[in-house]
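# A closer look at the structure
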Amino acid sequence: MNSVDPASNKLLTFNQRSASEDLGCRRGDFSRKHYGSVELLISSDADGAIQRAGRFRVENGSSDETSDYTPATWRRTDVHLENPEYHTRWFFKYFLGKVHQNYVGTDAEKNPFFLSVVLSDQNNQRVPQYRAILWRKSGTLKISLPYSPTKTLSVKSILSAMNMDRFEKGPREILNPEIQKDLLVLEEQEGSVNFKFGVLYAKEGQLTDDEMFSNETGSESFDKFLGLLGDSVTLQGWAGYRGGLDTKNDTTGIKSIYTVYQGHELMFHVSTMLPYSKENKQQVERKRHIGNDIVTIVFQEGDDASSSFKPSMIRSHFTHIFALVRYNSQNNSYRLKIFSEESVPLFGPPLPSPPVFTDHQEFRDFLLVKLINGEKATLETPTFAQKRQRTLDMLIRSLYQDLMPDLHKNMLNRRSFSDVLPESPKSARKKEEARQAEFVRIGQALKLKTIVRGDAPTSLVNTGLCRKEPWESQLFCSTFPYEIVCADSWGQSLLAATDAAGVMLLDGLDPVLPNAETQSVPPVQVFDKTVVVKQMHVLEPQDLLIIRADKGKDARLYVFRLRALRRGMEEKQLVRSKCDCRENKLEKTKGCHLYSINTHHGSELRIVAAIRNKLLLITRKHLRFEGLNAVASGPDSPVEEFQYIREICLCDPPVVMALVDGPTGENDNMICVAYKHQFDLINESTGDAYRLHHVEANRVNFVAAIDLYEDGEAGLLLCYNYICYYKKVCPFSGSTPMIHSNTSDFHFSWNQMPNCYRLRIPLHPGLHNGLH
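Cut-off values and rules
- Residues numbered from 1 in each chain as written.
- Predicted model: local features only at pLDDT ≥ 70, side-chain atom pairs only at ≥ 80, totals over all residues.
- Heavy atoms only, no water.
- UniProt positions renumbered as here; feature names shortened; annotations may be inferred.
- Helix = DSSP H or I, 4+ residues; strand = E, 2+ residues; numbered from the N terminus.
- Buried < 20%, exposed > 50% of the residue type's maximum accessible area, 1.4 Å probe, protein only.
- Areas by Shrake-Rupley, 256 points an atom, 1.4 Å probe, with all protein chains shown as cover.
- Pairing = 2+ DSSP bridges.
- Axes fitted to C-alpha atoms, helices over the stretch in contact; angles between N-to-C directions.
- Parallel < 35°, antiparallel > 145°, perpendicular 65-115°, else oblique.
- Left-handed = near helix turned anticlockwise from the far one by under 90°.
- Contact = heavy atoms within 4.5 Å.
- Nonpolar A, V, L, I, M, F, W, Y, C, P; charged D, E, K, R; others polar.
- Phe/Tyr/Trp six-rings, centres within 6.5 Å; stacked < 30°, edge-to-face > 60°.
- Expected span 1.5 Å × (residues − 1).
- Polar contact = N/O pair within 3.5 Å; in protein donor to acceptor, adjacent residues only side chain to side chain.
- Core = buried A, V, L, I, M, F, W, Y, C linked by side-chain atoms within 4.5 Å.
- Salt bridge = Lys/Arg side-chain N within 4 Å of Asp/Glu carboxyl O.
- pLDDT = per-residue confidence, 0-100.
- Disulfide = S-S within 2.5 Å.

As recorded in an unreviewed UniProt entry, the protein chain goes by the name GTPase-activating Rap/Ran-GAP domain-like protein 3, listed as coming from Takifugu bimaculatus. Per its UniProt entry, the protein chain bears the Sequence similarities (unreviewed entry) comment "Belongs to the GARNL3 family."

Right under this line is the structure:
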């Protein structure tokens, strides 16, 4: 996602991720070879009796468990903790111990809500921004809003951005600093930031949990595996995260395995380290801990041909994920297999094929990330989500009732929609400064107390704002003096359009200037300011630049050869003006306010141009001579290579468009358009329209529609407001496209409303497309 900071005119590249709410493995959304398939798993005990059956998604790296394999190096997938910003405790990290505002009110359905707002720095770029948290019974909503020194942001406008415009009682500011303690409790309902994982040792041939839990000691390879997971710590007097273990009286064992990974504290409940009882065959004390862990590692001895573990061997209604680990002493490698209860949303990283790790440190990173992502995904299942919602609803209503007497004692600010300002009114400056000092003091004390008792949501390294996070902005150019309207990459440089100075090529490894040094090349002007560009696409494989220039009735589409632009900059230092672009105009596109192209450059290039409520379909003719020589020998202007196909009339002018390639390309290509409160799908050949998605929101800010393809099937990511909603679509059957209703119930949510989206192309089949 690219965005421009209007305050400093710096180009920032945002890389955010947030929660996917896909429940279960949906065929077609993600390939089975990456995340496994749901299977009904049945096992028998030592006497041959059938154990309970369960439906689990089985991930084995698309490699048969019993097949021969040769451990080899594998191209490492993107092993990272998923949804880090979504799971970051915003109130603890950005609000607590800092001056901020808290409000209380009731919505139109008389449900109480709380709102917290703080003015903070944006990703260490010295750009101020507002962060806001809306606390409701359905969960918390976190968004970032831009700061303007000339326009004050009101509480009403913040809530409107969160799709709240009607209230039963308007929000009032809570001045009591003790509210920070209550909001901290609300935030703790979001889920774990420190994790406890079970580790169960199983000897070769063991088929029941009673046998596995009765192992008094492990093998040498098991001890080696525990050393890989973390450090052995003495529980008595332990001051860190304890994961429910006794740190005073040794009732849960003398030692355990503990580690800190990327700011998360991990405590492992190891079966052989928990108390063992000769009289109790079921080992209840061990099962009490491991059986209540969401994620359990099963370390199974024996080769791969031995009897395989199945989740049905473990009697637990709480454990949702099992990680089966086997060690091969012959080649000193680990093999991994993952079982996930079918309601658990998909989580990464996908297992390599084969799922064999010869690099032990690499295996540790992969395993810990997989376990953390798995537990966070499990918390989104209906069982946990409904329980969390009930608890949050009860806490919010209780807190609201406690504040009710203050409504009558004037302890709450009665300015319903007062401005959110860091400064206080002059008439009450001293009083307000004293209140803010006390507010900050109590917040800092709460933060320190939380850290000291080991319940901090992040490690001490991560509690500050200095650490660079993977979703944060990366600065591309810090000195560019103009506001950027649109841009696209050209080689390793950036072609950027501005209203004030035309189109420029920004530094990087400049593709047009020989022997250019990185970060030392000044911007090169390509078009002067008479060419007012509003949209652009750089198509390097096709040697094309497509732009939409000017505005209103004079707007048109232009096409250029990149080599001609390159030659002009290298030889003549030619800066093109509007007059120089006459031969590059596409016919019939006058008045175009929007255009879109198909993303599959291997197929025929198609352009759809919107002129008010009319769609103009244009395609590029096949060149008579194939190859680069044919392109190089053609005229400088590629206009003659494009031909008009047909027009399609809509009921309203589109705001967003996307072209969707059909599997055959013969009468099954589609156009996705957005207008009013809906996304429609249109057949390119017939013009037939079908309602794809209706937006349930008071205000809609359409951002993009992005076509995605998996195993030859098309899908659309519908982006509006703070949401990216996924729809799987098939070609038209007659006049109606087939919509996969069972694949349209997951979405991405964003903390900051994007301006546009850009897809990252996967480096190899193990990596999926990512959003930039």
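Don't stop here, the text continues.
## Describing the overall build of the protein chain
Check the secondary structure of the protein chain and you find 12 helices and 41 strands. The buried share among the 772 residues of the protein chain stands at 54%. If you sum the accessible surface of the protein chain, you get close to 34800 Å²; carbon and sulfur atoms cover 49% of it.

## Regarding the sheet that holds strand E33 (residues 678-683)
Strand order across the open sheet formed by four strands is E31-E32-E33-E34, with antiparallel pairing between neighbours. Lying at the two open borders of the sheet, with one neighbouring strand each, are strand E31 (656-660) and strand E34 (689-694). Averaged over neighbouring strand pairs, the angle between their axes works out to 20 degrees when direction is ignored.

## Here's the deal with the pairing of strand E26 (residues 556-561)
The element E26 is largely enclosed, with a buried count of six among its six residues. Direction of pairing for strand E25 (residues 544-549) relative to E26: antiparallel, over a ladder of six bridges. Counted as the bridge partner of Leu 544 is Arg 561 from E26.

## Observations regarding the packing of helix H6 (residues 220-229) against helix H8 (residues 360-378)
Running from N to C, H6 and H8 cross one another at 70 degrees; their axes reach a closest spacing of 10 Å. Classed by the angle they form, the pair H6 and H8 counts as roughly perpendicular. Considering the relative orientation of H6 and H8, their crossing is right-handed. Between H6, through Lys 224, Phe 225, Leu 228 and Leu 229, and H8, the contact on the second element is made entirely by His 360, Phe 363, Arg 364, Leu 367 and Leu 368. The class makeup of the residues in the contact of H6 with H8 is six nonpolar, one polar and two charged.

## What about the packing of aromatic side chains?
Taken as a whole and judged by the stated rule, the model has 27 aromatic pairs. Seen in terms of ring centroids, Phe 56 and Phe 322 are 6.3 Å apart; in terms of plane orientation they differ by 50 degrees. Their pairing is tilted. Placement of the pair is Phe 56 in strand E4 (residues 54-59) and Phe 322 in strand E15 (residues 321-328), with a sequence separation of 266 residues. A relative accessible area of 7% places Phe 56 in the buried class.

## Some points on H8
With 19 residues, H8 should cover 27 Å at 1.5 Å per step; its first-to-last C-alpha distance of 27 Å lies within 8% of that length. Of all 19 residues that make up H8, 18 are buried, and the element is covered over most of its length. Put simply, Asp 359 is the residue that caps the front of H8, since its side-chain oxygen is 3.1 Å from the backbone nitrogen of Gln 361.

## Topic: the sheet that holds E25
Judged by pairing direction, the sheet is antiparallel, and its three strands sit side by side in the order E24-E25-E26 without closing on themselves. Of all the strands in the sheet, the pair left with one neighbour each is strand E24 (533-539) and E26. Sheet twist, expressed as the average angle between the axes of neighbouring strands with direction ignored, equals 15 degrees.

## Describing the nonpolar core
If you look at the biggest cluster of nonpolar residues, it comprises 41 residues, and the most contacted ones within it are Phe 225, Leu 229, Phe 268, Ile 297 and Leu 336. Top contributing element to this core by residue count: H8, with eight residues. Excluding residues within four positions of it along the chain, Phe 225 makes contact with Val 199, Ile 297, Phe 299, Val 325, Tyr 334, Phe 363 and Leu 367.

## Quick notes on unusual backbone geometry
Of note, the bond from Gly 348 into Pro 349 is cis; its omega dihedral lies within 30 degrees of zero at 0 degrees. Geometrically, the link from Ser 353 to Pro 354 is a cis peptide bond, its omega value of -5 degrees lying close to zero. Its place among the elements puts Pro 354 in the loop between strand E16 (333-341) and strand E17 (356-357). Non-glycine residue Asn 721 carries a positive phi angle of around 50 degrees. Mapped onto the secondary structure, Asn 721 falls in the loop between strand E36 (713-720) and strand E37 (723-733).

## Quick look at the pattern of salt bridges
Using the criterion set out here, one finds 19 salt bridges in the structure. In this structure, the salt-bridge partner of Glu 438 is Arg 441, at a minimum N-O distance of 2.8 Å. Here Glu 438 pairs with Arg 441, and both are found in helix H10 (residues 429-452), just three residues apart, close to one helical turn. Asp 543 is the salt-bridge partner of Arg 563, the closest N and O atoms lying 3.7 Å from each other. Here Arg 563 is found in helix H11 (residues 562-572), whereas its partner Asp 543 is found in the loop between E24 and E25, with 20 residues between them in sequence. The class for Arg 563 is buried, based on a relative accessible area of 16%. Through salt bridges with shared partners, one network takes in Asp 209, Asp 210 and Lys 287.

## What to know about the confidence of the model for the protein chain
Averaged over every residue, the pLDDT of the protein chain is 77; the share at 70 or more is 73%. Confidence drops under a pLDDT of 50 for residues 459-471, and excluding neighbours within four residues, the segment shows 32 contacts in the predicted structure. Low pLDDT, under 50, characterises residues 760-772; the predicted model gives this stretch 44 contacts beyond four residues in sequence or across chains.

## Observations concerning the state of the cysteines
For the coordinates displayed, the defined rule picks out zero disulfides. Cys 581 forms no disulfide, and the closest cysteine sulfur to it belongs to Cys 579, at a distance of 8.8 Å. Taking the relative accessible area as the measure of exposure, Cys 581 reaches 1% and is therefore buried. Take Cys 719: it sits in no disulfide, and the sulfur closest to it among the cysteines is that of Cys 724, at 3.5 Å.

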